[in-house]
Amino acid sequence: MPKASLKPEDFIVPLNMNGLEGRMLRLPALEGNKREILFLFGQHSTIERWWGLALELNKLGAVTMPDLPGLGGMTPLYKIGQQPTFDNMADYLAAFVKLKFRNKKVTIFAMSQSFAIVTRMLQKYPELTKKVDILASVVGLVHKDDLKFSRHTIFIYKTASRILSRKWPARIFRYTALQPFVLKIVYHRTQYAREKFEEMSGDEFKRTMDMEVTLWHQNDIRTQFKHYLELFSLDLTGTRVDLPVLHVATKRDRYFNNVKVEEHMRRVYSDVEVFFSKAPNHAPTVIATASDAAPFIPHPLRRRIQGKMK
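Structural notes, computed from the coordinates. (Residues numbered from 1 in each chain as written. Predicted model: local features only at pLDDT ≥ 70, side-chain atom pairs only at ≥ 80, totals over all residues. Heavy atoms only, no water.)

Digging into the side chain of Arg174
Counting through the fold element by element, Arg174 comes out in helix H5 (residues 167-175). Leave out the neighbours within four places in its chain, and Arg174 touches Gln179, His217 and Ile221. (Helix = DSSP H or I, 4+ residues; strand = E, 2+ residues; numbered from the N terminus. Contact = heavy atoms within 4.5 Å.)

Shown next, in the form of structure tokens:
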């Protein structure tokens, strides 16, 4: 594992695929460990946000963490004439897996909405199930009813998402509401951001808010709101996937209903085993160190993966 003094930029390389440009983090495995781990972050993320989790996963094997189209700073699918639907994202991800893990087995950790994209990939390309030795969901979902939002909240979010997934409204939103000084005044007071900031002050508050500004600016606005629309109509329970899932849930998840998540995953996958994280909520904004990330890989899950490494 790299020394604590090293930074993510020391392990980031360019990623160019299908006319799209982004970045990819690649942490080599510890000596004697041949496991390949693919970590896919969710919405509103960058490689830097999940650096601490990459370090923690590196204890279990080599880590590959790529941007996805429109996420993390990568060119969005709009630029090559495609909509950023989960189907199209699944096609891109399948091409990535085939290219980067051509003759290797891979352990996949998929966060939040990326787990839905992975699920769609495995449904469309069932031959890839043979490449996956372990599939782990980190607060993932496969169905719209997994969301905890009220009907009123969903109506508001769907209406806003329909508008902001269009080119010009998204551009106007980007250069008005997402100006740094506006975000720093307003964002931490919004309903679902308030929980992140409620116990923060001083340097921690400033560091977290600076990261939020970066996340809003580095991710493509149209792609994000198109994905929100997809989530509000999501139902992947119609096609089975011949793999078990190791699912990490948080007891205070502000977005997902844990009971429904497990129920819907069982309709898709051959088995589901749930591990509860000690993380305080769905996902903090900044996960800078391995110790920050450790709650997202509960010890029972870690032992299961290490057991398969023998």
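With respect to the environment of Phe232
With respect to the helices and strands, Phe232 occurs in helix H9 (residues 221-232). We classify Phe232 as buried; its relative accessible area is 10%. Residues Phe232 and Asp146 lie 86 residues apart in sequence; the distance between their C-alpha atoms is 9.7 Å. Beyond its immediate chain neighbours, meaning those up to four positions away, Phe232 contacts Lys144, Leu147, Phe149, Ile154, Tyr157, Lys158 and Ser161. (Buried < 20%, exposed > 50% of the residue type's maximum accessible area, 1.4 Å probe, protein only.)

Remarks on unusual backbone geometry
The backbone of His44 shows a phi angle near 60°, a positive value even though the residue is not glycine. Take His44: it is sitting in the loop between strand S3 (36-40) and helix H1 (51-57). Despite not being glycine, Ser112 shows a phi value in the positive range, around 50°. On the secondary structure map, Ser112 appears in the loop between strand S5 (106-111) and helix H3 (113-124).

Quick word on the sheet that holds strand S6 (residues 132-138)
Across a sheet, paired strands are connected by hydrogen bonds in the backbone, their directions being either parallel or antiparallel. Taken in spatial order, the eight strands make up an open sheet running S1-S2-S4-S3-S5-S6-S7-S8, and their pairing is mixed. Of all strands in the sheet, those bounded by a partner on one side alone are strand S1 (12-17) and strand S8 (269-277). Averaged over all neighbouring strand pairs, the angle between strand axes comes to 25°, with direction disregarded. Note: S5 against S6, six bridges, orientation parallel. Looking at S6, one finds that Val106 is bridged to Val132. Packing of helix H2 (residues 86-100) onto the sheet brings it into contact with S1, strand S2 (20-27), S3 and strand S4 (62-66), and relative to S1 it is tilted by some 120°. (Pairing = 2+ DSSP bridges. Axes fitted to C-alpha atoms, helices over the stretch in contact; angles between N-to-C directions.)

Some words on the pairing of S1
Bridge count for S1 against S2 is six bridges, and the pairing is antiparallel. When the sheet's bridge partners are listed, Ile12 is paired in S2 with Leu25. Linking two consecutive strands that pair antiparallel, namely S1 and S2, is a turn of two residues; a positive phi of about 55° is found at Asn18 within it.

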